[in-house]
2 protein chains.
Amino acid sequence: MAKNLKPKPVTAQQKWVYSFGHELCEGDASQKNLLGGKGANLAEMSRIGLPVPPGFILSTEVCTHFYQNSNSYPVAIELQVDSGLRQIEKEMGIQFGDIKKPLLLSVRSGARVSMPGMMDTILNIGLNDNTVKGLGDDRFAWDCYRRLIQMYGDVVMGVNRDHFEDLIDTYKRRNALKLDTEIDADGWKEIVTLFKTLVQRETGTPFPQDPHAQLWGAIGAVFNSWMTPRAITYRRINNIPEDWGTAVNVQTVVFGNKGDDCATGVAFTRNPSTGENKFYGEYLVNAQGEDVVAGIRTPLPLTEMQKQMPEVYKELDAIRHILEKHYKDMQDIEFTIQEKKLYMLQTRTGKRTAPAALRCAVEMVSEGLITREQAIQRINPASLDQLLHPAIDPAAAKNLLAKGLPASPGAATGAIVFDSDEAEKLAADGKKIILCRTETSPEDIHGMHAAEGILTSRGGMTSHAAVVARGMGKPCVAGASDIVIDYKAQTLQVKGQTLRPGDKVTLDGSTGEILLGEINMIQPAMTEHFLTLMQWADNARRLKVRANAETALDAETAKKFGAEGIGLCRTEHMFFDPTRILYVRQMILAETPEERRSALEKIEPYQRQDFIHLFKIMRGLPVTIRLLDPPLHEFLPHETSEIQALAKALALSADKVSQRIHHLHEANPMLGLRGARLGIIYPEIYEMQVRAIFEAALAIKKETGDTVRLEIMVPLIATKREMDILKEMIDRIASTMEKIDYLTGTMIELPRAALQAGIIAEAAEFFSFGTNDLTQTTYGISRDDAGAFLPDYQKQRIFTTDPFASIDVNGVGELIKVAAERGRKTRRDIKLGICGEHGGDPASIHFFEKVGLDYISCSPYRIPIARLAAAQAALANK
Amino acid sequence: MAKNLKPKPVTAQQKWVYSFGHELCEGDASQKNLLGGKGANLAEMSRIGLPVPPGFILSTEVCTHFYQNSNSYPVAIELQVDSGLRQIEKEMGIQFGDIKKPLLLSVRSGARVSMPGMMDTILNIGLNDNTVKGLGDDRFAWDCYRRLIQMYGDVVMGVNRDHFEDLIDTYKRRNALKLDTEIDADGWKEIVTLFKTLVQRETGTPFPQDPHAQLWGAIGAVFNSWMTPRAITYRRINNIPEDWGTAVNVQTVVFGNKGDDCATGVAFTRNPSTGENKFYGEYLVNAQGEDVVAGIRTPLPLTEMQKQMPEVYKELDAIRHILEKHYKDMQDIEFTIQEKKLYMLQTRTGKRTAPAALRCAVEMVSEGLITREQAIQRINPASLDQLLHPAIDPAAAKNLLAKGLPASPGAATGAIVFDSDEAEKLAADGKKIILCRTETSPEDIHGMHAAEGILTSRGGMTSHAAVVARGMGKPCVAGASDIVIDYKAQTLQVKGQTLRPGDKVTLDGSTGEILLGEINMIQPAMTEHFLTLMQWADNARRLKVRANAETALDAETAKKFGAEGIGLCRTEHMFFDPTRILYVRQMILAETPEERRSALEKIEPYQRQDFIHLFKIMRGLPVTIRLLDPPLHEFLPHETSEIQALAKALALSADKVSQRIHHLHEANPMLGLRGARLGIIYPEIYEMQVRAIFEAALAIKKETGDTVRLEIMVPLIATKREMDILKEMIDRIASTMEKIDYLTGTMIELPRAALQAGIIAEAAEFFSFGTNDLTQTTYGISRDDAGAFLPDYQKQRIFTTDPFASIDVNGVGELIKVAAERGRKTRRDIKLGICGEHGGDPASIHFFEKVGLDYISCSPYRIPIARLAAAQAALANK
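For every chain, the first residue of the written sequence is number 1, and numbering continues from 1 onward in sequence order. Chains and ligands are labelled sequentially in the order written, the chains with letters from A and the ligands with numbers from 1. This being a predicted model, a pLDDT of at least 70 is required before a residue's local features are given, and a value of 80 or more before pairs of side-chain atoms are given or counted; all residues contribute to the totals for chains, interfaces and linings. Here the side-chain values reflect all heavy atoms present in the structure, with hydrogen atoms and water set aside.

Before going further, it helps to spend a moment on the pairing of strand S6 (residues 121-125) of chain B. Residue and element names in this part refer to chain B. Partly exposed residues are those whose accessible area sits between 20% and 50% of the maximum for their type, while under 20% is buried and over 50% is exposed, using a 1.4 Å probe and protein chains only. Numbering of helices and strands runs from the N terminus, with a helix taken as a DSSP run of H or I at least four residues long and a strand as a DSSP run of E at least two residues long. Burial analysis of S6 places 5 of its 5 residues in the buried class, the great majority of the element. Criterion used throughout: strands pair if DSSP finds at least two bridges between them. Of the pairings in the sheet, the one linking strand S5 (residues 105-111) to S6 comprises 3 bridges and is antiparallel in character. Pairing of Leu105 across the sheet is with Ile125, part of S6.

Put into structure tokens, the structure is as follows:
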């Protein structure tokens, strides 16, 4: 076991075993850590008087003790198990190992959370060659016995389970039988003998006849299963500490397979697909739990039970209401009916779809079961994606080509295309297109706009393709490394298959799946329940939610989803418009400030118009505009033909243009001439932008009377002096115009800016944390290149989450905290926001709430998620 | 005046004026801030009884008051100036403005530090149409008078100085005279009249006849000169606060031009070129100070004075000894002899060459003038470069082609070559070569080795070329942006000139100058004085000094210069060797761990041998070996021909090789798959290196019995888990070998590592701050790309120094401090070092001393600088 587990001192009085039942109930639902999930709920149901077969629980502390003491049990355990057993015998009025009327037990594992790889169930413990006769000596009794040997032989004694099935199959063949149900008492009796021989042969040990030996064997098997490779792997992946341990549930066996007045079933207290408040479940007459799962017979719906066993149904329905009232949530239950008597074997919170979760939560509030705050906390914010994007019909057949990263949620079908111009052309002809690229660049924006979905073979969750697709609300599968796109050959190769332009694929951006052909979709809808819950969330949250948006379409979408302003308008996105890219390039290739200014003069009217559109949509709301940020070479063409076209348009030689492009090339553009550095080196660019912003705001004011709540943001500040110089420029331009209100602020996206925040705040009126770049610089990881090692890093648990998706609280988080504190110390009312990808991530939003930021800003399609997560964070922080 | 200057309250008693002289001396040398440098030393000389003409000083506070109060003087000033004046009159026994025997005054500026742009001197104040007669009414008197009008008219009244010279020229032409000395009393008298007319015509005001008006005019001119554009610019560039202000020195004029028993001269108390303890200076008989400067007559050496004026010389030589004893440093003095009487007009610390500084410091210690500690503090560490590298003969004529960054000190001459292979070939033929590249890459290492010096047109002080050249101790001029290198055309164009291969140039890597042709050099030598001082420094310092070195040559050089171990052995440098680069490339292009391992097996013997060499040289000293750090694509070829050659060697298709190279391409390699990430993704590479290190250490032990003090360093750690995984690997390999001692540590070169240092120290036994990368990530600046804006950033004072050359104490420094604190908190004895470029920078070393690091590591040629700077830092920190 892990070295960091230090044995706790054991006292003589320490309690290791907890009874539950009608007469004595020593645990409750709050003790999941001690009793495991299943055990705690069994105790709870007993406690509130529901019909639970009595039993006892060996606590998780036994497991911990077991592994801390070289796989040995605490001294007191045998006595305590005996005492638990006596309590069961007392309540049931029958004895374990009694030949006449034997008590049979089940043993099940039960960790805090349900965990694959753990031992499931051993039923019918207590049966042996003698007690089987006490059980009835009939077909039922021998069937039970052979099931015990089979399960026990497999799980406890390690006999290959196929051997048992082979013996049954051989028996049926020899006797010309088809189904297990056709085997009679003698048949099972003969099979029991065969099974016992098998166990002896395979293990060198006979199947244990002593019921207590059986019981301890089963208990030991549960504890041993905590350390199976599968359980260890699962814990590692899901970050479950080893020292949580598992509990063992020992419980009286009841039989749903003892005749036609017996049954077993599972149910949800409400419909888990829709959330409708209707009892929803199914059952099988004369069957044991495993038969329901095995799917040999088709279970009946509960409505049938209402007709067939009206009394029992009534009791079950009453329990359904008791459970919901008690747990205040939709429950997933298991029950068994033995000779018309109903027994509850399990209850737990029911899994549900996103629409069902919403409906349950909202309706439970109106039913008075839960408060609005509880309703808000019930919904997983990430699940809202299901409501906002088309999804693949779960029932549809799928032909999986490959898997990439689930980079932007939703699903889409279309014909593959490798070129953005081509994509645009085909889309204009009404074709549905999936744009497939090695990776995308700002030059692909029009192709991405035209496409239904985007597929890249390189890049991570925050690659250009992923970020832009999320902004557009289009599905995107990124970094599908199994796919090889060959632009020259116009082929997409994947695991031996070759696809060509026009071939149809379907992308599931929520799972990262790339599927061959067209597949049925479920269309999204903003339901009444959704709108109600979002309103409650809005009332509960403290953080404002803004959008990262620059186009009119983005801004409209953002507003529709409830954005309270724009937190990040990336002006560079406006530069790529075909109407102006030529002037932009002319500006970049200019060799003197004059040439540059003349090109900028041509861009300015467009920029002004862009801002006018944006301000109109966002009237009255704050709009943060970031001045030009990316390195200029991002705007330049790379292909020879494009360079030639540009040279012609600019009346320059292609050589000259190539030279200048080469000159602008950078080794690490992320750390190069960009952001505020552009504004310092080429002030005329920022001057043009600032002028366009102010003129647009004044034009709106003149036209509509609306005041724009302007926030001008300078990117990539590392020193106060940069901020001083650029603020002076902005103020200077403002001073030449009609009076206008605005704030000047900066992104905090470099470690140095975070550390120097106290001083920078002397000049900056707001901070917006650019957590993408801050993560890149703090970690020293380029998100464009992280794909080469991120998967390995996650596999080796160096990263438990992708730091570009969910904020690294320890490293990047410390810088954010420090910057917020220092910024506020200098300027008490400094406005603090965040506009990186993390603005739409619930875990990160919890952190931002704790640090006390004023707002978060995210891509339009993540706004509902952000609103809900912000509400949850506020409630959690109360 | 600047807004941040707040007026101080003025009290009636406040002292503004300080007298100095024989009878009353109110200031001393410690009051430079108040009295300015010149004034404080005049007062000091008076105080210790040297013959200084009496005078008084208007303090710098007058200047500050003047600018804080709309250019007005404090109320009390007139009375205090009057009183100062009366004190002079009393001591001299003559009166200011007296017609019979007028006292004449000089007015000079005097800031804390000497500053270009400030008013220099106005002599002979007090002369007018009447007093001139009292002075003698002779040629001397009228010459003095015209000098006053000329200086005063120019400096105080703003008359163009050329007009005065024109009038003198016209006079001489009219009277057929050649030299000013030929003008007689009447001539000067006539010129005085012309000058007065000129002043009246040009300014509309007559030349002031009132001596007090003259005095106040001159004082005002000094204060006004504090705000001339030239003074403001100088202050800005040199970071001199505006509120320091300047003092004004008013002093009795003495005349060195009153006859042949008069003289004026300047001297150093020791030889400023060699440091020899011999009086060194020159003088002119019958001359005023300005005549010495004007250079019309050749001054005589002081040895001549010893013969001509033995009495005066004796007095002067005595003063020389008094001054040295008093100031405990070599002095630069000015003196005047009037009628055989010696007057001291200035003393200040004498400027000197680096060898002179060393000799002075060491000899002064043996003379008992100063302590060893003072001697250590006397030497500017950066100046040692002059002693370690060849320098251009200061007397040689220079033809400057262009200037770049002084990237690696020293000078070299050679024929230009554009290609590293060609450079190597020509150097093998005995040719001296200057390698000229747009920028260099690791592929140029052999060319750089072969060259005498390196010139690049791109890249900053920490570009590849600069760093490698400093490591090799070769001169380098980097980022010479005026130079255009065209590889195809094989030309180097600079300001219209075209140079071709074979043309000779000379580089001065200490100044950044690129000169045409061959130029005379002075060769370096490690003198006895140097060795003595370095030994003292070693005794005084706390910081250990190690070298960044990997080749045997580097290691030998480092040891010669006093390195106490290797702080950074960059194993990747070993990969470029032609004997193994093919295997390295094979390793990189491998597609399976097996292929990779088989290539690594071929590299391993070489690596082991490299380490054996290194360990032998460094026996007994610690050696820190950094595992592979750079992105793998740095090792791959880029040119088509090289790719084809590689493909052939590897029996792969060129397409395949190109594809794989393309696949390894990164958008931001600095932030990509490198450092520890390589060790995680391709463990077999690090395994090979670690094995080679251990085997080499064991081989040495076997051969020589020496134990190697091994420190294995993992680069680019961002999380503790990376360190855990790699430390486990290192320990695992060690456990398969004979017992060997070693430490495992990490570079702290990412902001996150610095913040998480407390946790990382649980696994790391030492930290070495990689301040190059830490600066890159903290600032978000790629040093390869910074050239595009760094010069502008320095011009606009965003950076007062290049953060890659001198540590950014506020930002990067905070991270280093935090990391050191947190690391020590976890592991009290953690070893802390630094191995970035900053390890050889004196200012940075002061910071590292303050933070309490254990050692600094720098390139071999900077080790003496580091040793001295470390000693100074230790002394300053005492």
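Now, onward.
Superposing copies: least-squares fit, C-alpha atoms only, residues required to have pLDDT of at least 70 in both. When chain A is fitted onto chain B, the two copies agree to an RMSD of 0.2 Å after a turn of 180° and an axial shift of 0.1 Å. What we have between these two chains is a two-fold relation. Every residue of chain A has its C-alpha some distance from the rotation axis, and the shortest such distance is that of Asn668(A), at 2.1 Å. Most of the interface of chain A is mirrored in chain B, where 100% of its interface residues are also at the interface. Contacts are residue-level and defined by heavy atoms, with any inter-residue pair within 4.5 Å sufficient.

On to the interface of chain A and chain B, then. Counting from both sides, the interface comprises 48 residues of chain A and, opposite them, 48 residues of chain B. Taken together, both faces of the contact between chain A and chain B bury some 4,300 Å²; the carbon and sulfur share is 54%. Together, Asn668(A), Leu671(A) and Arg752(A) form the three largest contributors to the area buried by chain A at its contact with chain B, with a combined 14%. By definition here, a salt bridge exists when the distance from a side-chain nitrogen of Lys or Arg to a carboxyl oxygen of Asp or Glu is within 4 Å. Here chain A is connected to chain B by 4 salt bridges. Its salt-bridge partner being Glu814(A), residue Arg822(B) comes within 2.6 Å of it at the nearest N-O pair. The definition of a polar contact used here is a pair of N or O atoms within 3.5 Å, where within protein one atom must be able to donate a hydrogen and the other to accept one, and adjacent residues in sequence count solely through side-chain atom pairs. For the pair chain A and chain B, the number of links is 26 residue pairs in polar contact (both at pLDDT 80 or more). Defined here as a combined quantity, buried area equals the accessible surface (1.4 Å probe) lost by two parts on assembly, summed across both.

Residues and elements named next belong to chain B. The definition used for a disulfide is geometric: two cysteine sulfur atoms within 2.5 Å. For the structure on display, the rule yields 0 disulfides over all chains. The thiol sulfur of Cys569 is not disulfide-bonded, and the nearest other cysteine sulfur, from Cys835, lies at 11 Å. Residue class for Cys569 comes out buried when judged on its relative accessible area of 0%.

Before going further, it helps to examine the pattern of salt bridges. Taken as a whole and assessed by the stated rule, the structure comprises 111 salt bridges over all chains. Across the pair Asp154(B) and Arg161(B) runs a salt bridge whose closest N-O atoms are separated by 3.0 Å. Arg580(B) is the partner of Asp610(B) in a salt bridge, and the nearest nitrogen-oxygen pair spans 2.4 Å. Placement of the pair is Asp610(B) in helix H23 (residues 593-617) and Arg580(B) in the loop between helix H21 (572-575) and helix H22 (581-589), with a sequence separation of 30 residues. Bridged by salt links that share partners, the residues Asp538(A), Arg541(A), Lys544(A), Glu564(A) and Arg867(A) form one connected network.

Before going further, it helps to examine helix H18 (residues 464-472) of chain B. Residue and element names in this part refer to chain B. The buried count for H18 comes to 9 of 9 residues, which makes it a mostly enclosed element. Every buried residue of H18 is accounted for by His464, Ala465, Ala466, Val467, Val468, Ala469, Arg470, Gly471 and Met472. Buried-residue contacts for H18 involve strand S15 (405-408), helix H17 (445-450), strand S18 (453-456), strand S19 (476-478), helix H20 (552-560) and strand S27 (566-570). Trailing H18 by a residue or two, Gly473 shows a phi angle of about 75°, which is positive.

All names here are of chain B. On the secondary structure map, Gln80 appears in helix H3 (residues 77-92). On the basis of relative accessibility, which here comes to 18%, the residue Gln80 falls in the buried class. For Gln80, the side chain forms a polar contact with the main-chain oxygen of Gln14, separated by 2.8 Å. Those residues in contact with Gln80 that lie beyond four places of it in its chain are Gln14, Lys15, Trp16 and Val17.

All names here are of chain A. As summarised here, the arrangement of the 8 strands in space is S14-S24-S23-S16-S17-S18-S19-S15, forming an open sheet in which the pairing is mixed. The sheet terminates laterally at strand S14 (400-403) and strand S15 (405-408), the two strands that pair on one side only. Within this sheet the neighbouring strands show an average axis-to-axis angle of 30°, counted without direction. Of the pairings in the sheet, the one linking strand S17 (residues 433-437) to strand S18 (residues 453-456) comprises 4 bridges and is parallel in character. Bridge pairing links Ile434 to Gly453 in S18. Fitted lines through C-alpha atoms serve as axes, helices being fitted only where they are in contact, and the angles separating the N-to-C directions of these axes extend from 0 to 180 degrees. Across the face of the sheet, helix H18 (residues 464-472) comes into contact with S15, S18 and strand S19 (476-478) while running at roughly 45° to S15.

Okay, unusual backbone geometry next. All names here are of chain A. For Asn71, which is not a glycine, the phi torsion comes out positive at approximately 55°. Counting through the fold element by element, Asn71 comes out in the loop between helix H2 (60-68) and helix H3 (77-92). Positive phi, normally seen in glycine, also occurs at Leu716, with a value near 60°. Relative to the helices and strands, Leu716 is located in the loop between strand S29 (709-714) and helix H27 (720-735). According to the relative accessible area criterion, Leu716 is buried, its value standing at 0%.

What follows concerns the confidence of the model for chain A. Residues and elements named next belong to chain A. The predicted model of chain A has a mean per-residue pLDDT of 92, with 98% of residues at 70 or higher. As a per-residue measure, pLDDT reflects the predictor's confidence and takes values from 0 up to 100. Taken together, the stretch residues 1-7 has pLDDT below 50 and engages in 10 contacts with residues farther than four places along the chain or on a different chain. Predicted complex, confidence summary: ipTM 0.83, pTM 0.84.

Each Phe, Tyr or Trp ring, with Trp reduced to its six-membered ring, pairs with another whose centre is within 6.5 Å; inter-plane angles below 30 degrees give stacked pairs, above 60 give edge-to-face pairs, and intermediate values give tilted ones. Summed over all chains, the structure comprises 40 aromatic pairs over all chains. Ring plane angle 55° and centroid distance 5.3 Å describe the contact between Tyr793(A) and Phe799(A), whose orientation is recorded as tilted. There is no split in this pair, since Tyr793(A) and Phe799(A) are both buried. Ring plane angle 90° and centroid distance 5.0 Å describe the contact between Phe140(B) and Phe255(B), whose orientation is recorded as edge-to-face.

All names here are of chain B. Taken in spatial order, the 5 strands make up an open sheet running S10-S9-S8-S11-S12, and their pairing is antiparallel. Looking along the sheet, the strands with just one partner apiece sit at the ends: strand S10 (300-301) and strand S12 (341-349). As paired elements, strand S9 (residues 280-285) and S10 share 2 bridges and run antiparallel to each other. Bridge assignment links Tyr283 to a residue of S10, and that residue is Leu300. The strands touched by helix H12 (residues 310-327) within the sheet are strand S11 (331-338) and S12, with S12 carrying the most contacts at an inclination of about 30°.

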